[in-house]
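Summary of the model geometry
Spelled out, the chains give:
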Amino acid sequence: MASLEERRNAEWARIRGRLRAEFGDGVFRSWLRPLTLMAVDDTKITLCVPTRFVRDRVNTLYGDRLRALWRLEDCDVGAIDFVVEPESAGRKPSLIAPPLAEIMLANDDSWSDGVASPTDPNLSFDNFVVGKPNEFAYAACIRAAETEKPAFNPLFLYGGVGLGKTHLMHATAAAMRQNFPEKRVLYLTAEKFLYQFIRALRAQETVAFKELFRSVDVLLVDDVQFLCGRDATQEEFFHTFNALVDQGRQVIVSADTSPSDMDGLEERVRSRLGWGLVVELNPTNYELRLAILESRAAELGFDIDPKVLEFVAQRIATNVRELEGALNRLAAYAQLGGRTITLESAHDALRDLLRASERRVSIEDIQKQVAEHFNMRLADMSSPRRARAVARPRQVAMYLAKHLTSRSLPEIGRKFGGRDHTTVMHAIRKIDELSAADAGLAEDIRLIRRVLES
Ligand code: ADP
Ligand code: MG
């Protein structure tokens with residue numbers, strides 16, 4: 001049996017959905033959304049409003065409708081009181097503010113407000129350039145977006161940074177919404193999933209959380225490697241995932257490594273993630289880079305010598321984001337300088353990027369440099385010793401490996417004496433934390449970095 005609070009809570013959520021439908025989004029946002037359910041009893045509802053002005057306005061304009069709606073829900077409700085929220089310090093939290101339940105029950109297209117991550121309309125299939133390295137991933141996403149029943153479930157996309165995972169996820173979500181307007185398509189990052197989950201736990205809304213996630217037709221979760229080592233969230237994700245796949249709803253996830261390489265994951269989660277179709281976004285090749293540059297230049301209306309594009313495609317052999325950065329920079333130079341870009345001026349403008357791309361820092365370089373800096377034996381980078389004097393520099397080296405190379409966490413762990421991926425993650429967090437508080441350590445890191453990048 002639901003408690004009175006829970007019942008009132010659900011009623012309030014439905015009423016808010018209706019108010020929004022009746023008065024429109026604008027009115028709802030300005031006047032009605034700020035109301036929170038403050039206290040309940042059998043016959044009276046107390047709503048909290050932020051200011052007296054809002055109270056008066058809401059009471060005059062929407063008070064009658066509110067009372068009527070509430071009586072429709074529950075004929076015992078005789079009165080609605082408005083109280084003005086006490087000024088900041090003494091602010092009493094609303095008794096039960098159920099954002100998730102409210103979102104779920106709202107009977108308009110706002111059901112995923114606040115839960116979803118925004119999708120960027122500029123990331124579409126149309127402007128995704130297809131080449132050998134990504135054609136399979138592209139085809140899989142197109143297929144997923146066009147078919148009513150999932151052909152493969154889950155669809156697991158993986159690949160290094162800046163190779164187009166997020167672009168494909170956004171494009172797929174948008175195409176699905178267009179092809180199947182009645183479907184509930186929810187896109188969010190794993191980070192956002194974690195955040196929502198923690199918030200639901202705190203607010204004791206886990207039931208609403210579960211219901212919301214289990215009510216979608218298509219769930220897209222970006223960067224699931226973020227859940228590695230976070231056991232409770234991983235567990236929750238796993239249940240959601242299973243529930244959806246079992247009911248034949250499409251699940252699409254992306255990560256920076258394949259399921260088999262994600263070793264901060266529980267075995268059953270990992271194997272289940274690999275059940276559907278696993279496709280890789282491979283590092284770009286010259287042809288793809290050139291095609292992307294051409295397409296992007298055309299988009300920018302940037303009339304550039306093809307020789308310069310070829311040069312950039314040859315020399316910047318890293319991810320697409322960097323490639324685009326290089327082109328944007330050239331476009332800015334051309335515009336500011338008011339002249340056409342030549343091979344020579346491109347060289348000048350991109351000097352730092354070219355250098356970074358030429359000289360890839362290896363994990364071995366990092367280990368050597370860090371060991372030297374802290375005066376420890378190189379062998380201790382991979383030894384099991386845990387004394388602070390070796391453990392801390394080792395953590396610094398892991399941290400730098402993450403930031404200066406494109407290696408995945410499991411790969412980094414392997415280079416440090418076969419350590420687990422969660423150990424690497426812990427090291428990165430630790431150094432992040434410490435270097436924020438400890439100027440000496442921050443300076444050490446800056447110095448080592450400078451040597452490595454010089
Ligand atoms: P990831 O999520 O894999 O790190 P993104 O999807 O964020 O990478 O891609 C980085 C940038 O490169 C984005 O601006 C994206 O639009 C662009 N990009 C990546 N691959 C392609 C492609 N094949 N065609 C066009 N743009 C691409
Ligand atoms: Mg991404």
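Our subject is the structure listed above.
Now for a quick tour of the structure. (Residues numbered from 1 in each chain as written. Chains lettered and ligands numbered in written order. Predicted model: local features only at pLDDT ≥ 70, side-chain atom pairs only at ≥ 80, totals over all residues. Heavy atoms only, no water.)

Around ligand 1, 17 residues are found, and the nearest of them are V129, G162, K165, T166 and H167. One nitrogen or oxygen atom from the side chain of E324 is found 3.0 Å from an oxygen atom belonging to ligand 1. In the complex, the protein chains occlude 90% of the 550 Å² of accessible area that ligand 1 would expose alone. Elements represented by at least two residues in the shell around ligand 1 include exactly α5 (165–179) and α12 (320–337). Counted by class, the shell around ligand 1 contains 7 nonpolar, 7 polar and 3 charged residues. (Near = heavy atom within 4 Å. Polar contact = N/O pair within 3.5 Å; in protein donor to acceptor, adjacent residues only side chain to side chain. Areas by Shrake-Rupley, 256 points an atom, 1.4 Å probe, with all protein chains shown as cover. Helix = DSSP H or I, 4+ residues; strand = E, 2+ residues; numbered from the N terminus. Nonpolar A, V, L, I, M, F, W, Y, C, P; charged D, E, K, R; others polar.)

Let's shift gears to the nonpolar core. Soluble globular proteins: nonpolar side chains tend toward being buried together. The biggest cluster of nonpolar side chains holds 58 residues, and the ones touching the most others in it are F237, L273, I366 and L400. The two domains that each donate at least three residues to this core are domain 2 (135–280) and domain 4 (363–453). Excluding its chain neighbours within four sequence positions, the residues that come into contact with I366 are V361, A397, L400, A401, L404, T405 and L452. With 27 residues, the next largest nonpolar core counts A297, A313, L330 and A346 among its residues. (Core = buried A, V, L, I, M, F, W, Y, C linked by side-chain atoms within 4.5 Å. Buried < 20%, exposed > 50% of the residue type's maximum accessible area, 1.4 Å probe, protein only. Domains from an automatic or database assignment. Contact = heavy atoms within 4.5 Å.)

Another point: the pairing of strand β5 (residues 185–189). Most of β5 sits inside the fold, with 4 of its 5 residues counted as buried. As paired elements, β5 and strand β6 (residues 218–222) share 5 bridges and run parallel to each other. Opposite L186, over in β6, you have L219 as the bridge partner. (Pairing = 2+ DSSP bridges.)

Let's shift gears to helix α4 (residues 135–146). Structurally, the α-helix is built with 3.6 residues per turn, so residues lying three or four positions apart point the same way. Taking 1.5 Å as the rise per residue, α4 with 12 residues should run 16 Å; its terminal C-alpha atoms sit 16 Å apart, in good agreement. What α4 keeps buried is the set A137, A140, C141, A144 and A145. Each buried residue of α4 lies within a common arc of 130° when the element is viewed along its axis, so the set occupies one face. Opposite the packed face of α4, turned more than 90 degrees from it, sit the exposed residues F136 and E146. Where α4 is buried, its residues contact β4 (155–159), α5, β7 (250–255) and β8 (277–281). (Expected span 1.5 Å × (residues − 1). Arc of directions from axis to C-beta.)

Applying the stated rule across the entire model yields 11 aromatic pairs. Centroid distance W12 to W70: 5.5 Å. Interplanar angle 10°. Geometry classified as stacked. Of this pair, W12 sits in helix α1 (residues 4–32) while W70 sits in helix α2 (residues 52–73), placing them 58 residues apart in sequence. Looking at W12, the relative accessible area reads 1%, which means it is buried. Between the aromatic rings of F197 and F209, the centroid separation amounts to 5.4 Å while the plane-to-plane angle is 50°, which identifies the pairing as tilted. With F197 in helix α6 (residues 190–202) and F209 in helix α7 (residues 206–214), the pair connects residues that are 12 residues apart, well separated along the chain. Classification of F209 as buried rests on a relative accessible area of 0%. By way of ring pairs, the aromatic residues F193, F197, F209, F213, F237 and F241 are connected into one cluster. One Lys or Arg, K183, reaches over the ring of F180 and ends 4.5 Å from the middle of that ring. In this structure, R230 is placed above the aromatic ring of F226, and the distance from its NZ or CZ to the ring centre is 4.4 Å. (Phe/Tyr/Trp six-rings, centres within 6.5 Å; stacked < 30°, edge-to-face > 60°. Lys NZ or Arg CZ within 6 Å of the ring centre and 35° of its normal.)

Another point: the pattern of salt bridges. Two side chains that carry opposite charge are able to pair once their charged atoms sit near each other. Overall, the coordinates contain 27 salt bridges when judged by the stated rule. Here R7 ties to E11 by a salt bridge, and the two come within 3.8 Å at their closest N and O atoms. Placement of the pair is R7 and E11 together in helix α1, with a separation of 4 residues, close to one helical turn. Here R7 falls in the partly exposed class, since its relative accessible area comes to 39%. Of the charged contacts in the structure, one is a salt bridge between R377 and D380, with a shortest N-O distance of 3.1 Å. According to the relative accessible area criterion, R377 is exposed, its value standing at 53%. Residues participating in the shared-partner salt-bridge network are R7, R8, E11 and D74. (Salt bridge = Lys/Arg side-chain N within 4 Å of Asp/Glu carboxyl O.)

Function cannot be inferred from these measures alone, as they are strictly geometric.
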